[in-house]
Amino acid sequence: LEDEDSIKAGDLVIAKYKANDLDEFLEENIVQALFKLKEDPNFQKTIDNRAKFQLLESWDVFMQKLESYPDWGGEDWTPSEEDVLLARVRTTGINEVGFQ
């Protein structure tokens, strides 16, 4: 990452993930960290090469939707069917998940 603020933003997001402290909604500090990362030129190079990593193709869609935070991603937000489908994890086989 290019600067100290970007590194701190990345560390915050990684720590949240590693602690398995993932809430049903996004906290303000995580949202701000994601926007900081989005602005970082080196992070953008990684996004541009996402085919080499397990990084969701929908990153751009989620970041665009996050512009309307907290309406999207906040405490009162309910994911749409599109959100759920875009949040999938790549697999090499067939995994079936039932919805009610």
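One can find the structure itself at the top, above this paragraph.
The following paragraphs examine the structure supplied in this document. (Residues numbered from 1 in each chain as written. Predicted model: local features only at pLDDT ≥ 70, side-chain atom pairs only at ≥ 80, totals over all residues. Heavy atoms only, no water.)

### As for unusual backbone geometry
Right, so step 1: Y69 connects to P70 through a cis peptide bond whose omega is 10°.
Right, so step 2: Within the fold, P70 resides in the loop between α4 (59-66) and α5 (81-86). (Helix = DSSP H or I, 4+ residues; strand = E, 2+ residues; numbered from the N terminus.)

### Here's the deal with the side chain of D40
Right, so step 1: Tracing the backbone shows D40 in the loop between α2 (28-39) and α3 (41-48).
Right, so step 2: Buried within the structure, D40 lacks any salt-bridge partner; its nearest side chain of opposite charge belongs to K36, at an N-O separation of 6.5 Å.
Right, so step 3: Only 3.0 Å separates the side chain of D40 from the backbone nitrogen of N42, close enough to count as a polar contact.
Right, so step 4: Excluding its chain neighbours within four sequence positions, the residues that come into contact with D40 are L1, E2, D3 and S6. (Buried < 20%, exposed > 50% of the residue type's maximum accessible area, 1.4 Å probe, protein only. Lys, Arg positive; Asp, Glu negative; His and termini not counted. Salt bridge = Lys/Arg side-chain N within 4 Å of Asp/Glu carboxyl O. Polar contact = N/O pair within 3.5 Å; in protein donor to acceptor, adjacent residues only side chain to side chain. Contact = heavy atoms within 4.5 Å.)

### Quick notes on α2
Right, so step 1: Look at α2: 17 Å from first C-alpha to last across 12 residues, which is about the 16 Å you get at 1.5 Å a residue.
Right, so step 2: Along α2, the positions that sit buried rather than exposed are I30, V31, A33, L34, F35 and L37.
Right, so step 3: Structurally, α2 contributes buried residues whose contacts are with α1 (4-18), α3 and α4. (Expected span 1.5 Å × (residues − 1).)

### Here's the deal with the side chain of D83
Right, so step 1: For D83, the position within the fold is in helix α5.
Right, so step 2: Taking the relative accessible area as the measure of exposure, D83 reaches 5% and is therefore buried.
Right, so step 3: Other than its neighbours up to four places away in sequence, D83 contacts F62, K65, W72 and W77.

### Looking at α4
Right, so step 1: Looking at α4, one finds that the buried residues are W59, F62, M63, K65 and L66. Each buried residue of α4 sits inside an arc of 160° when the element is viewed along its axis, so together they form one side. (Arc of directions from axis to C-beta.)

### A few points about the pattern of salt bridges
Right, so step 1: This structure, assessed with the given rule, holds 6 salt bridges.
Right, so step 2: Among the salt bridges present, the one from K65 reaches D83, with a minimum N-O distance of 2.7 Å. With K65 in helix α4 and D83 in helix α5, this pair connects stretches of sequence that are 18 residues apart.

### Regarding the packing of aromatic side chains
Pairs of aromatic rings are described using the distance from one ring centre to the other and the angle between the two planes.
Right, so step 1: According to the stated counting rule, one finds 3 aromatic pairs in the structure shown.
Right, so step 2: Each ring, one from F62 and one from W72, has its centre 5.6 Å from the other, and the planes form 35°; the classification is tilted. Placement of the pair is F62 in helix α4 and W72 in the loop between α4 and α5, with a sequence separation of 10 residues. Each of the two residues, F62 as well as W72, counts as buried. (Phe/Tyr/Trp six-rings, centres within 6.5 Å; stacked < 30°, edge-to-face > 60°.)

### Regarding the packing of α2 against α4
Right, so step 1: Between α2 and α4, the least distance of the axes is 11 Å, while the angle of their chain directions is 125°. With respect to α4, the axis of α2 lies oblique. Where α2 crosses over α4, the two elements pack in a sense that is left-handed. Side by side, α2 and α4 meet where V31, L34, F35 and K38 of the first sit next to W59, M63 and L66 of the second. (Axes fitted to C-alpha atoms, helices over the stretch in contact; angles between N-to-C directions. Parallel < 35°, antiparallel > 145°, perpendicular 65-115°, else oblique. Left-handed = near helix turned anticlockwise from the far one by under 90°.)

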